[in-house]
Amino acid sequence: MIDFQTAAERAQILTDAMSYIRKYKDKIIVIKYGGNAMVSEELKNQVMEDVALLHTVGVRVVLLHGGGPEINAMLKRLGKEAKFIDGLRVTDEETVEVVQMVLSGKVNKSLVNLLQQKGVKAVGLSGVDGRMIEAVTKDPNLGYVGRITSVNVDIIRDVMDAGYVPVISTVACDEEGGVYNINADTAAAYIAGEIGAERLFMMTDIAGILRDPNDPDSLIPALDIEEAVELFRQGVISGGMIPKVDCCIDAIHRGVGRVIIMDGRVNHSILLEILTNEGAGTMVMEKKEPDTI
């Protein structure tokens, strides 16, 4: 027997989402995917479902990903210790080979395959393809960790124009053909700005920017650059959140409409942020407006 009440509720959800779908149709959004949402198979499946749905309704999605846990696991199998300085992976010659193999191989192709299983055409790319991301050495003490010098998004546009979702691993190259490990948040900010993204979504393992790091209910749902600078001054934004918010501000200065630091642990967090008025994190913008959604 048909449950007409349940069916009506589902129909109402679709109706409510229609205005948001129209708003984002043919617009570019960049999703930086990582953290717990990448480790959990259940969350990974839901993220790919979100990407597939958005692509199906006409949103032009660019998916960038990291893969730190997988890199650490491979290094461990090789008997090599993972080392970090100020949160950045020390990347010697052997490690950069592992980074490229894991990110551009195992992780990238598994995401492409998962999207294709959901009926979405997807293409795996790396920052080396088409010289998409060029870099130089960021710090000799870090080895093959790159500082981005230029970004070329032509190949990303070509892939999207052909009807595919580009899935990008964040490694880079230099003029001599050297390969570099690149911070995924930084790469996302550069690419989102260069490609003219309407939104950049940065998935994390926390609810967003918290006024009190020990109180998950102290989430700041929205702030502008001026307010972010004040939170830096007050010490509210600290630790690992500092580089993330810096990347948000950088992306906005590069022309991205708004950046969302999103809780990747929330089921279907991307759809909640795009297709509802609920949100799933902290939205950062250049200047607050009466309608901050």
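Please refer to the structure placed before this passage.
Residues numbered from 1 in each chain as written. Predicted model: local features only at pLDDT ≥ 70, side-chain atom pairs only at ≥ 80, totals over all residues. Heavy atoms only, no water.

Novice: Just to check I follow, could you spell out the overall build of the protein for this structure?
Specialist: Scanning the protein for helices and strands turns up ten helices and 14 strands. Its C-alpha atoms give the protein a radius of gyration of 19 Å, near enough to 19 Å, the size a compact globule of 293 residues would have. C-alpha atoms of the protein, sized along the principal axes, occupy 60 × 45 × 35 Å. Per-residue burial over the protein gives 49% buried out of 293 residues. Relative to all contacts within the protein whose residues are 6 or more apart in sequence, the contacts with residues 24 or more apart total 72%. For the protein, the accessible area works out to roughly 14100 Å², and carbon and sulfur atoms hold 50% of it. Positive and negative side-chain charges of the protein, numbering 30 and 43 respectively, have mean locations separated by a distance of 2 Å. (Helix = DSSP H or I, 4+ residues; strand = E, 2+ residues; numbered from the N terminus. Rg over C-alpha atoms; globule rule 2.2 N^0.38 Å. Buried < 20%, exposed > 50% of the residue type's maximum accessible area, 1.4 Å probe, protein only. Contact = heavy atoms within 4.5 Å. Areas by Shrake-Rupley, 256 points an atom, 1.4 Å probe, with all protein chains shown as cover. Lys, Arg positive; Asp, Glu negative; His and termini not counted. Charge placed at Lys NZ, Arg CZ, Asp CG, Glu CD.)

Novice: Please explain the packing of helix 8 (residues 225–234) against helix 9 (residues 241–253) as it appears in this structure.
Specialist: Geometrically, a packed helix pair is captured by the angle between its two axes and the distance between the axes. Closest axis-to-axis distance for the helix 8/helix 9 pair is 11 Å, and the angle between their directions is 155 degrees. Considering their axes alone, helix 8 and helix 9 lie roughly antiparallel with respect to each other. Like other packed secondary-structure pairs, helix 8 and helix 9 cross with a definite hand, here left-handed. Where helix 8 approaches helix 9, its residues Ile225, Ala228 and Phe232 are matched on the opposing element by Ile242, Val245, Asp246, Ile249, Ile252 and His253. The residue makeup of the contact of helix 8 with helix 9, split by class, is seven nonpolar, one polar and one charged. (Axes fitted to C-alpha atoms, helices over the stretch in contact; angles between N-to-C directions. Parallel < 35°, antiparallel > 145°, perpendicular 65-115°, else oblique. Left-handed = near helix turned anticlockwise from the far one by under 90°. Nonpolar A, V, L, I, M, F, W, Y, C, P; charged D, E, K, R; others polar.)

Novice: I'm lost on the sheet that holds strand 2 (residues 60–65) in this one. Help?
Specialist: Strand pairing in a sheet relies on backbone hydrogen bonds, with the paired strands running either antiparallel or parallel. Read across the open sheet, the eight strands follow the order 5-8-2-1-11-13-14-12; overall the sheet is mixed. At either margin of the open sheet sits one strand with a lone partner, and together these are strand 5 (122–126) and strand 12 (222–224). Across the sheet, the mean angle from the axis of one strand to that of its neighbour is 20 degrees, orientation sign disregarded. Relative to strand 14 (residues 281–285), strand 13 (residues 258–263) runs antiparallel, the two sharing five bridges. Bridged to Val259 within strand 14 is Val284. Sheet strands in contact with helix 7 (residues 184–195) are strand 1 (28–33), strand 2 and strand 11 (199–204), and its direction is about 175 degrees off that of strand 1. Its contacts with the sheet put helix 8 on strand 12 and strand 14, and the angle it makes with strand 12 is roughly 95 degrees. (Pairing = 2+ DSSP bridges.)

Novice: Explain the nonpolar core to me, please; I cannot follow it from the model alone.
Specialist: For soluble globular proteins, the rule of thumb is that nonpolar side chains tend to be buried together. Of all hydrophobic cores here, the largest spans 48 residues; its most connected members are Ile29, Ile31 and Tyr33. Examining the composition of this core, we find that ten residues originate from one element, helix 5 (residues 93–117), more than from any other. With residues near it in sequence (within four places) discarded, Ile31 still touches Val51, Val61, Val62, Leu63, Leu64, Phe201, Met203 and Ile270. In terms of nonpolar packing, the next biggest core, distinct from the first, is built from 47 residues, Ile133, Ile191, Ala192 and Cys248 among them. (Core = buried A, V, L, I, M, F, W, Y, C linked by side-chain atoms within 4.5 Å.)

Novice: Hey, could you run me through the pattern of salt bridges in this one?
Specialist: A pair can form between side chains of opposite charge whenever their charged atoms are brought close. One pass over the structure, following the stated rule, counts 14 salt bridges. Across the pair Arg60 and Asp161 runs a salt bridge, and its minimum N-O distance is 3.0 Å. Here Asp161 lies in helix 6 (residues 154–161) and Arg60 lies in strand 2, a separation of 101 residues in the sequence. Residue Glu230 is joined to Arg233 by a salt bridge in which the shortest nitrogen-to-oxygen separation is 2.4 Å. Here Arg233 and Glu230 lie together in helix 8, a separation of three residues that amounts to about one turn. Exposure remark for Glu230: the relative accessible area of 30% places this residue in the partly exposed category. Taken together, the salt bridges that share partners define one network made up of Lys32, Asp185 and Lys244. (Salt bridge = Lys/Arg side-chain N within 4 Å of Asp/Glu carboxyl O.)

Novice: Just to check I follow, could you spell out the state of the cysteines for this structure?
Specialist: Evaluation of the coordinates by the stated rule reveals zero disulfides. Sulfur of Cys247: no disulfide; nearest cysteine sulfur belongs to Cys248 and is 7.3 Å away. Since its relative accessible area comes to 8%, Cys247 is described here as buried. You can call Cys248 buried: its relative accessible area is 0%. (Disulfide = S-S within 2.5 Å.)

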